[in-house]
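A look at the structure
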Amino acid sequence: ALQSYVNHHRKTANFVLKEQIQNPFASLFTAIVIGIAFVLPVLLAIVLNNIQALNFGWDGSAKITLFLNDSLSESEAISLTQELERKNNISSSLFISKQHALNELAQLVELERAASYLDDNPLPHSIVISPHASLVDIAHIEALTERLEALPEVDSAQLDVMWVRRLSAITSFFEQAVWLVGIMLSMAVLLVLGNTIRLAIENKKEEIIVLKLVGGTDAFVCRPFLYMGMFFGLAGSLIAIALATMILGLLNSSVEEIARSYQSQFSLSGLNFASTILLLATGTGLGWLGSWLAVRKHLKHIEPT
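Since this is a predicted model, take the numbers as computed values, not measurements.

The next point concerns the environment of Gly249. Secondary-structure assignment places Gly249 in helix H9 (residues 218-261). The partly exposed category is assigned to Gly249, whose relative accessible area is 49%. Note: C-alpha distance between Gly249 and Leu268 (19 residues apart in sequence) is 8.7 Å.

And the structure:
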């Protein structure tokens, strides 16, 4: 019985696939409509992944700069740097001597000659702290900053957190946009598939009546339509992947040019293997769901008289 059941599913899937190949234009147009509906949330998801990758490229966290007391010698400052780096909530610490800071400042604002006339270096020793990756909440990083500022060797502490908040807000916006657009366009896909399956049911109304007269169950009758919806959803997903790849290829050169102007090697990355499988599974699942809803609604009105 199980072998017969599996064989019937295989034969039904092959029959539906051959039937769609025999009507290539109608099948292709339906798949293209579904693919266009899928491509927008796919592109938004890709943009979100690239923003998150850019965030990780910037270490994904704020930097804490500790300005040390003038009375602290360079060797004592280096010892403090090594001590801080051993703490659990600190990923790394970088010591910057006052002389190195003055040299960088002079080169930045092109005041090398002016800096040579200074009697004394007005800049303090400093330590740049990178919080541990587990500190993802801004409030926790601010609390760490307050604890470090309370150290007797520290004169003041500065938390570079504004860009983190902005990037987090942008990421949150894109996450919400992906979900909203994805839900709305998924509903559009269900409507397109539902209408397609409804037309297919109407075209095969006489065949359905004959099948029911000879004892065909509703599950037996609706099976080809479910496979039809799954094939349309799978084909639409493949088209969406192809469209997204082409669009990214067109945009990538412009993005790389902008990145080079900021001395960055950033480039757009497309769908990875897991995302591709998820998209194919989602398209196939939506195809099955749209077909099931359409069959459930229209098939019960077709009965032998």
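More follows now that the structure is in view.
In space, the four strands of this open sheet follow the order E2-E3-E1-E4, with antiparallel pairing throughout. On the outer flanks of this sheet lie strand E2 (90-96) and strand E4 (154-160), each paired with one strand and no other. Each strand axis lies, on average, 20° off the axis of its neighbour in the sheet, ignoring direction. Bridge count for strand E1 (residues 63-68) against E4 is six bridges, and the pairing is antiparallel. Across the sheet, the residue bridging to Leu66 is Ala157, located in E4. Against the sheet, helix H3 (residues 74-85) contacts E1, E2 and strand E3 (126-131), and its axis sits at roughly 170° relative to E2. Each of E1, E2, E3 and E4 touches helix H6 (residues 138-149); the most contacted strand, E4, lies at about 165° to it.

Cut-offs and rules
Residues numbered from 1 in each chain as written. Predicted model: local features only at pLDDT ≥ 70, side-chain atom pairs only at ≥ 80, totals over all residues. Heavy atoms only, no water. Helix = DSSP H or I, 4+ residues; strand = E, 2+ residues; numbered from the N terminus. Buried < 20%, exposed > 50% of the residue type's maximum accessible area, 1.4 Å probe, protein only. Pairing = 2+ DSSP bridges. Axes fitted to C-alpha atoms, helices over the stretch in contact; angles between N-to-C directions. Contact = heavy atoms within 4.5 Å.

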